[in-house]
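Tertiary structure, described
Here is what each chain is made of, one letter per residue.
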Amino acid sequence: MTGDEIRELCINSSKIYYDYLAKTGKGLHEVDVWQVEVLDRVQRIVSLRLSKKIFDAETIFFQFEGDEQKYNTEQVKVLEYDVDRNILYVEPNSELFQRFSRIRAAEVKVISDMKFLVDRVRNWYEQRGKDLMLPTRASALDKKLVTTDLFGKAKPSQDQLNAIRTVLTKPFSYIWGAPGTGKTQLVLANVVNQYVKQGKRCAILAPTNTALEQVMKGVLRVSDEVGIPREKFLRLGHTSKWFAERYPEVCETLGIATQRMQIEKQIKVVRSVLKKEKSAEDRTIELLEEAVGKLDRLKDLLETSSTQLKSQKLMKQLLKEAKAGIAAHPLTKMLNESLDFESIEPSIKYLRDFIEKQKQAEAVLQARAREYETMQESDLKLTLDQLEQSRDKMKGSNERAKRALVVAATLDCYINRFIEDELLVDHFFLDEAGYANAIKAMVLMKGDVPVTFLGDHLQLPPVCEMNDMDMMQDPMQRDAFVWGKSAIYLPRLFDQGSDEAAESYFANEEQLSKNIFRADLRYTHRFGDNLANVLNDFVYKNGFASDSGKGETEIYFVHVDTPNPQMKDERNKALRESSLEAEAIRQFIQVNGLADYAILTPYINQVKLLGKLLPRDRNEGRIMTVHGAQGKEWENVLLSVVDTDRKWFTDSMIAKSRGLHLLNTAVSRAQRRLIIFCNSNYWKKQNGQLIKGLLDVAQPWPLLN
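1. Notes on the overall build of the protein chain
Helix and strand counts for the protein chain come out as 27 helices and 21 strands. Relative to the globule expectation of 27 Å for 705 residues, the C-alpha radius of gyration of the protein chain, 27 Å, shows essentially globular dimensions. Summarising its shape, the C-alpha atoms of the protein chain cover approximately 85 × 70 × 60 Å along the three principal directions. In the protein chain, which comprises 705 residues, the share counted as buried stands at 56%. Pairs at least 24 apart in sequence give 75% of the contacts found in the protein chain among residues at least 6 apart. Here the protein chain displays about 31,100 Å² of accessible surface, and carbon together with sulfur accounts for 47% of that area. Charged side chains in the protein chain number 102 positive and 101 negative. The centres of these two groups are separated by 2 Å.

So this is what it looks like as structure tokens:
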């Protein structure tokens, strides 16, 4: 297809998908609010404790009881989403803030609507989708200036050096690697640092917020080690709480909130000069410094004190008093949510840096106050009016994005922010490209800019609410396949007609295009020899191996008498749930007391069943489908297989089910230990299946079998 034909395909596909979601009611994710708390009346900051996770805080709207109107994120701005504690921090406009100030939690709902995403994509192609093309220009970096001193503490392997060479010399590259192969910290981080060092700009994109923050964490770790200032990086859109606390200099929302607070202070100073009265003393910095002093004392006690009752009481009192001081400032108030005895040291460092910046800003403000005192009253009124307009108009400006050398965003954020504006960069990087929709990643095929995809095409494909069968059976719906197609295979759209591209997608027989240059990372530090060998035999088949030096990955199984044949409904369809496995997992957690874990399963029915038995784990977001676990990792992964006969997502031998990709994704979420709950007697007889391969190297869990 030509670029213009692809544009028309994407526009038509978006219309089809939007109509499907509207007709079926799919794409809506309604979340109850358990608690509403006003944190700051001046800055209009409100926290909402949610009943369950939201898919993407970029796509939500708010609805009040008895009010049919839907309020979007222009009216209720998202500041942060604390994924771990499931708290959404928002800044409503002045009118809606009054409603949030007096409502009960049950009177407001948060709704994520994928139709907004679809509509944005259609708008992008209609406005900016002309002249789509595969990149033909290689990296603009001066190869003579590329150095080997930007790897940080790690030493690259030959595979990783080859991958870097591919990125720098090919217009369109794909760096394949399973978890732990060095895609982020040894390949991507090095190339990004080379761009920064040479004063050139690049963009790091990802399909989800979780994936984006994971890749940014890896890149920033290396850039910190080699001395590149964090101010060179900008993460667009809202952030999770942990990311905002760890990397505040990088976050757009916190930067804008800080600017607005400074404007608010200027407004107060101007008003006090106009009224010829002294501005009220601001003790915020003093209170924060007192809080740091208490944390320093607490740190000393923790290092030297015994467990005497007197010391414990003193430490609890110091922590309480420190939290009270930290609450003096809206941007540190949120730190209270996570401050505990284990986070004292990083909190002290963060607060000291924060106080220093506040003192600098305060000095500037006082200097301005002296200037204001010499101004005429008419000029003061004009200044006040301008400041108030700046405060009210301040939104997520693209100006800082245009100045930063490394801009990071989700694909949805990038599409939304740069429909009218253009982000001029020298290289696009898309992480977790296998999980990105081809139709969204296609927006990078503009302006002949080098593009690099990083990911694993043998893990899960993107989420698409429209069933493949619905597309296949109705010729008028076929174009929607680009929503289910992985970005990895995007270049094939330029090689094939739309019908041929659709057929290869439906048959799950897609091949990489000759126009994308692939480099393989075959050695992982994450998996032991046992797991790496199984994955090479069943999944990768390219010499994939472990270089961890840690021996074996811990793989266990718990036998459950899941029925064979499995339970069916009145239509003779498999129920895709196992009460016996759910109960076994409940007992397992009760007995073993794991700290960092998740419970994964291929089927939503099993998620619901597990949620009923384990409400605390459900509320903490520990129970999810394998699709929901994409981009996340835990020390322990408990996998509920569910299937015996009539297997589907667990069948690694049927291409159409994509079971091989799903199981590979599930296994890869485990950092240390994988525990499989299934009818092991049945699965050990299923030759050729990945689950059998895993069970062959697994041990029975010692406390239950």
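What follows continues from the structure just given.
2. Brief notes about the pattern of salt bridges
This model, assessed by the stated rule, comprises 34 salt bridges. The partner of glutamate 249 in a salt bridge is arginine 230, with the nearest N and O atoms 3.4 Å apart. Of this pair, glutamate 249 sits in the loop between helix H7 (241–246) and helix H8 (252–274) while arginine 230 sits in the loop between helix H6 (209–225) and strand E9 (233–235), and the two are 19 residues apart along the sequence. Under the relative-accessibility criterion, glutamate 249 is labelled partly exposed at 22%. Judged by relative accessible area, arginine 230 falls into the buried class, the value being 18%. Across the pair arginine 673 and glutamate 554 runs a salt bridge whose closest N-O atoms are separated by 2.9 Å. One end of the pair, arginine 673, is in strand E20 (residues 670–678); the other, glutamate 554, is in strand E16 (residues 554–559), and 119 residues separate them in sequence.

3. With respect to the sheet that holds strand E18 (residues 623–625)
Within the open sheet, the 6 strands sit side by side as E18-E17-E19-E20-E16-E21. Their pairing is parallel. The open sheet has two edge strands with one neighbour each: E18 and strand E21 (699–700). Note: strand E17 (residues 597–601) against E18, 3 bridges, orientation parallel. Within E18, the position partnered with isoleucine 599 by the bridge is isoleucine 623. Sheet contacts for helix H25 (residues 659–668): E17, strand E19 (634–640) and E20; angle to E20, the most-contacted strand, approximately 125°.

4. Here's the deal with the packing of aromatic side chains
Scanning all chains against the criterion turns up 23 aromatic pairs. Taken together, the aromatic side chains of Phe62, Phe64, Tyr71 and Phe100 make up a single cluster linked through ring pairs. A cation over a ring is seen here: arginine 99 above phenylalanine 64, with NZ or CZ 4.2 Å from the ring centre. In this structure, arginine 622 packs its charged tip against the face of tyrosine 597, placed 4.3 Å from the ring centre.

Calculation notes
- Along each chain, numbering runs from 1 in the same order as the chain's sequence is written.
- Two thresholds apply to this predicted model, a pLDDT of at least 70 for residue-level local features and 80 or more for giving and counting side-chain atom pairs, whereas whole-chain, interface and lining totals are computed over all residues.
- As a convention, hydrogens and water are excluded, and side-chain values are obtained from all of the structure's heavy atoms.
- The helix count covers DSSP runs of H or I at least four residues long, the strand count covers runs of E at least two residues long, and both are numbered beginning at the N terminus.
- Just to be clear, the radius of gyration here is over C-alpha atoms, and the globule rule we use is 2.2 Å times residues to the power 0.38.
- With a 1.4 Å probe rolled over the protein chains alone, any residue whose accessible area is under 20% of its type maximum counts as buried; one over 50% counts as exposed, and the rest are partly exposed.
- Throughout, a contact is declared for two residues whenever any of their heavy atoms are within 4.5 Å.
- Residue burial considers only the protein chains on display, and all accessible areas are found by Shrake-Rupley using a 1.4 Å probe.
- Positive residues here are Lys and Arg, negative ones are Asp and Glu, while His and the chain termini are left out of the count.
- Taken as the charge centre is NZ of Lys, CZ of Arg, CG of Asp or CD of Glu, depending on the residue.
- For salt bridges, the criterion is a side-chain nitrogen of Lys or Arg within 4 Å of an Asp or Glu carboxyl oxygen.
- When DSSP locates at least two bridges between a pair of strands, those strands are taken to pair.
- Interaxial angle, 0 to 180 degrees, is taken between N-to-C directions of lines fitted to C-alpha atoms, where a helix line uses only the stretch in contact.
- Here a Phe, Tyr or Trp ring, Trp counted by its six-membered ring, pairs with any other such ring whose centre lies within 6.5 Å, and the pair is stacked when the planes are under 30 degrees apart, edge-to-face when over 60, and tilted otherwise.
- Consider the ring centre and the ring normal. A charge sits over the ring if Lys NZ or Arg CZ is within 6 Å of that centre and within 35 degrees of that normal.

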